[in-house]
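Here is what each chain is made of, one letter per residue.
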Amino acid sequence: QVKNKGKNNHCFYSDDLSKSAVERFTLEGQLRHALVRKQFEVYYQPQVSLITGEIIGAEALIRWNHPKLGLVSPATFIPMAEETGLIVQIGEWVLREAAHQIVRWHKAGHAIQWIAVNVSGVQIMRSNFADTVYGILMETDCNPHMLELEITESTVMQNTEYVIDTFNRIKQLGLKLAIDDFGTGYSSLSNLKRLPLDKIKIDQSFVRDLPDDLDDAAIANAIYAMAGSLGFSVIAEGVETQAQADFLSAMGCKEGQGYLYSKPVTATEFSKLLTK
Ligand code: C2E
Ligand code: MG
Ligand code: MG
Ligand code: MG
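Criteria and cut-off values
- For every chain, the first residue of its written sequence is number 1, and the numbers climb from 1 along that sequence.
- Ligands are numbered from 1 and chains lettered from A, in the order in which they are written.
- Given that this is a predicted model, residues contribute local features only at a pLDDT of at least 70 and side-chain atom pairs are listed and counted only at 80 or more, while totals for whole chains, interfaces and linings are drawn from all residues.
- Excluding hydrogens and water, the side-chain figures rest on all heavy atoms present in the structure.
- Think of it this way: any DSSP run of H or I at least four residues long counts as a helix, any run of E at least two long counts as a strand, and we number them from the N terminus.
- By this rule the span expected of a helix is its residue count minus one, scaled by 1.5 Å.
- When a residue's accessible area, from a 1.4 Å probe over protein chains only, is under 20% of the maximum for its type it is buried; when over 50% it is exposed; and in between it is partly exposed.
- We call two residues in contact when some of their heavy atoms are within 4.5 Å.
- In protein, a polar contact means a hydrogen-donor-capable atom and an acceptor-capable atom, both N or O and within 3.5 Å, with residues adjacent in sequence counting only if both atoms are side-chain atoms; elsewhere, any N or O pair within 3.5 Å suffices.
- Donor selection uses N, O and S atoms within 2.8 Å of the metal (3.2 Å for Na, K and Ca). Since no water is included, sites may look incomplete.
- Side-chain atoms within 4.5 Å are what join buried Ala, Val, Leu, Ile, Met, Phe, Trp, Tyr and Cys residues into a set we call a nonpolar core.
- Only protein atoms enter the 1 Å grid used here, on which a cavity is any set of points holding a 1.4 Å probe that cannot leave and a pocket is any open set flanked by protein within 12 Å on both sides along at least five of seven lines; residues with an atom within 4 Å of a point are listed as lining.
- Grid points are joined across faces, edges and corners, and a volume is the space filled by probe spheres set on the points.
- Residue polarity is assigned by list, with Asp, Glu, Lys and Arg as charged and Ala, Val, Leu, Ile, Met, Phe, Trp, Tyr, Cys and Pro as nonpolar; anything else, Gly included, falls into the polar class.
- Between the N-to-C directions of two axes lies an angle of 0 to 180 degrees, each axis being a line fitted to C-alpha atoms and, for a helix, fitted only over the stretch in contact.
- Every angle not falling under 35 degrees, over 145, or within 65 to 115 is termed oblique; those three ranges are roughly parallel, roughly antiparallel and roughly perpendicular.
- Working rule for handedness: look at the near helix, and if it is turned counterclockwise from the far one by less than a right angle, call the crossing left-handed; if clockwise, right-handed.
- If even one non-hydrogen atom of a residue comes within 4 Å of a molecule or strand, that residue is called near it.
- All accessibility values rest on the Shrake-Rupley procedure with a 1.4 Å probe; residue burial counts only the protein chains present in the view.
- Placement in a cavity or pocket follows one criterion, namely that more than half of the molecule's atoms lie within 2 Å of its grid points.

Here helix α11 (residues 214-230) is 17 residues long and its end C-alpha atoms lie 24 Å apart, about the 24 Å a rise of 1.5 Å per residue gives. Within the span of α11, buried status applies to Asp216, Ala217, Ala220, Ile223, Met226 and Ala227. The secondary structure elements touched by the buried residues of α11 are β6 (176-182), α9 (189-193), β7 (199-202), α10 (204-207), β8 (233-236) and α12 (242-251). Between a side-chain oxygen at the N-terminus of α11 and the backbone nitrogen of aspartate 215 the separation is 2.9 Å; the capping residue is aspartate 213. Two residues or fewer past α11, glycine 231 is found with a positive phi of approximately 85°.

Written out as structure tokens, the structure is:
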């Protein structure tokens, strides 16, 4: 009897089951099942013409409705999804949702031009991402011009060659490509020039203190000028005040995104914004 008092006697489950029981209590374990349990939702934030004030596009931003914790910020769970590789499936799901959504909006007669989807470097490095994109286009019957992919500047710098190769393939499929959080990732201009980019997103940290902060004003101007000379268009992130929007549009920037126009909202709420 004494000999049988191994650790199994203190456990309700076999080793395998106990492992998954423990996992179920961790955020990582719950993240693992969140897709199946339909706890994710894609929110959409308007991207607005600074000239006409119209909604021209949307950025898809994932939300996790945790049954106990409530809304968990992507800033918390995206890094976890990247570490575990789960971002490959999650990111594919977001892209498929966005493709379905833009097709739906077009069928409803809305003039919105594109949905921009964030792509993690892990998706590019750990999957045949261009094939995934192609599959989603086929499956959803989505015109590739209606999708834009956002990748952060730091991702580009970490995996330059493979990213350039994948971007070229995605570009050939007809999607638009944007660099997110621009100005925070120390990219070299020679690398930037090699990417088949359409757009640069000025990071919100440079927008926050406009128009008063002279350094940020100089940085915003420099990014805008550089993007223009490389042939990229520019959108400013984190536009919260009319004074920021005025500064940006006087500078020549034609697109903005931020709380001034709308927070990210559900697809249903976004449809109402489009109808207005
Ligand atoms: P991001 O792609 O740079 O997205 C912009 C973030 O700024 C969003 O935060 C958005 O809600 C927030 N934002 C928008 N307008 C304003 C504003 O006027 N002021 C301020 N202070 N913030 C504003 P969110 O939704 O919490 O997402 C955070 C980050 O999580 C995103 O940064 C992106 O890097 C990542 N993320 C979100 N969804 C996805 C996804 O589907 N896939 C991947 N790989 N990453 C995602
Ligand atoms: Mg983004
Ligand atoms: Mg950003
Ligand atoms: Mg960011």
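Next comes the rest of the write-up.
This paragraph deals with the side chain of glutamate 59. Summarising the element assignment, glutamate 59 is placed in strand β2 (residues 55-66). Separated by 2.8 Å, the side chains of glutamate 59 and lysine 201 make a polar contact. Setting aside residues up to four positions removed in sequence, glutamate 59 forms contacts with Tyr43, Tyr44, Gln45, Gln47, Ala116, Asn118, Glu150, Asp180, Lys201 and Gln257.

Ideal values differ by geometry: the angle at a metal is 109.5 degrees with four tetrahedral donors, but 90 or 180 degrees with six octahedral donors. On the protein side, the magnesium ion (ligand 2) has Glu59 (OE), Asn118 (OD1), Glu150 (OE) and Asp180 (OD) as donor atoms, found 2.0 to 2.2 Å from it. Donor residues for the magnesium ion (ligand 2), ordered by position in the chain, follow E-x58-N-x31-E-x29-D. Under the relative-accessibility criterion, glutamate 59 is labelled buried at 3%. The exposure class assigned to aspartate 180 is buried, which follows from its relative accessible area of 5%.

Another aspect to go through is the nonpolar core. By size, the foremost hydrophobic cluster in this structure holds 75 residues, and its most contacted members are Tyr44 and Leu149. The element that contributes the greatest number of residues to this core is helix α4 (residues 87-107), accounting for 10 residues. Setting aside residues up to four positions removed in sequence, leucine 149 forms contacts with Leu95, Val117, Val119, Phe129, Val133, Ile170, Leu175, Lys176, Leu177 and Ala178.

Next up on the list: the layout of surface pockets. Empty space within the largest pocket amounts to approximately 1200 Å³. Taken together, 43 residues make up the lining of the largest pocket; nearest its centre are Glu59, Leu61, Pro74, Asn118 and Asp180. Among the secondary structure elements, those contributing two or more residues to the lining of the largest pocket are β2, α3 (74-84), α4, β4 (114-118), α5 (121-126), β5 (147-152), α7 (153-158) and β6. Looking at the lining of the largest pocket, its residues break down into 17 nonpolar, 15 polar and 11 charged.

Running from N to C, helix α6 (residues 129-140) and helix α8 (residues 160-173) cross one another at 20°; their axes reach a closest spacing of 9 Å. Here α6 is positioned roughly parallel relative to α8, judged by the angle of their axes. When the axes of α6 and α8 are compared, the crossing they make is right-handed. Mapping the contact onto sequence places Phe129, Ala130, Asp131, Val133, Tyr134 and Leu137 in α6 and Thr166, Arg169, Ile170 and Leu173 in α8. For the contact of α6 with α8, the class distribution of residues is 7 nonpolar, 1 polar and 2 charged.

A few words now on the site of ligand 1. Lining the immediate environment of ligand 1, one finds 22 residues, of which Arg63, Asn118, Asp180, Glu240 and Tyr259 sit closest. Aspartate 181 has a polar side-chain atom sitting 3.1 Å from an oxygen atom of ligand 1. Residue glutamine 204 places a side-chain N or O atom 3.2 Å away from an oxygen atom belonging to ligand 1. Look at ligand 1: alone it shows 800 Å² of surface, and the protein chains cover 83% of it. More than half of the atoms of ligand 1 fall within 2 Å of the grid points belonging to the largest pocket. When residues of the shell around ligand 1 are traced back to their parent elements, those giving at least two are β2, α3, α4 and β6. Top element by residues in the shell around ligand 1 is β2. It accounts for 4 residues. Residues of the shell around ligand 1, tallied by class, amount to 9 nonpolar, 6 polar and 7 charged.

Any link to function would need more than the numbers given here.
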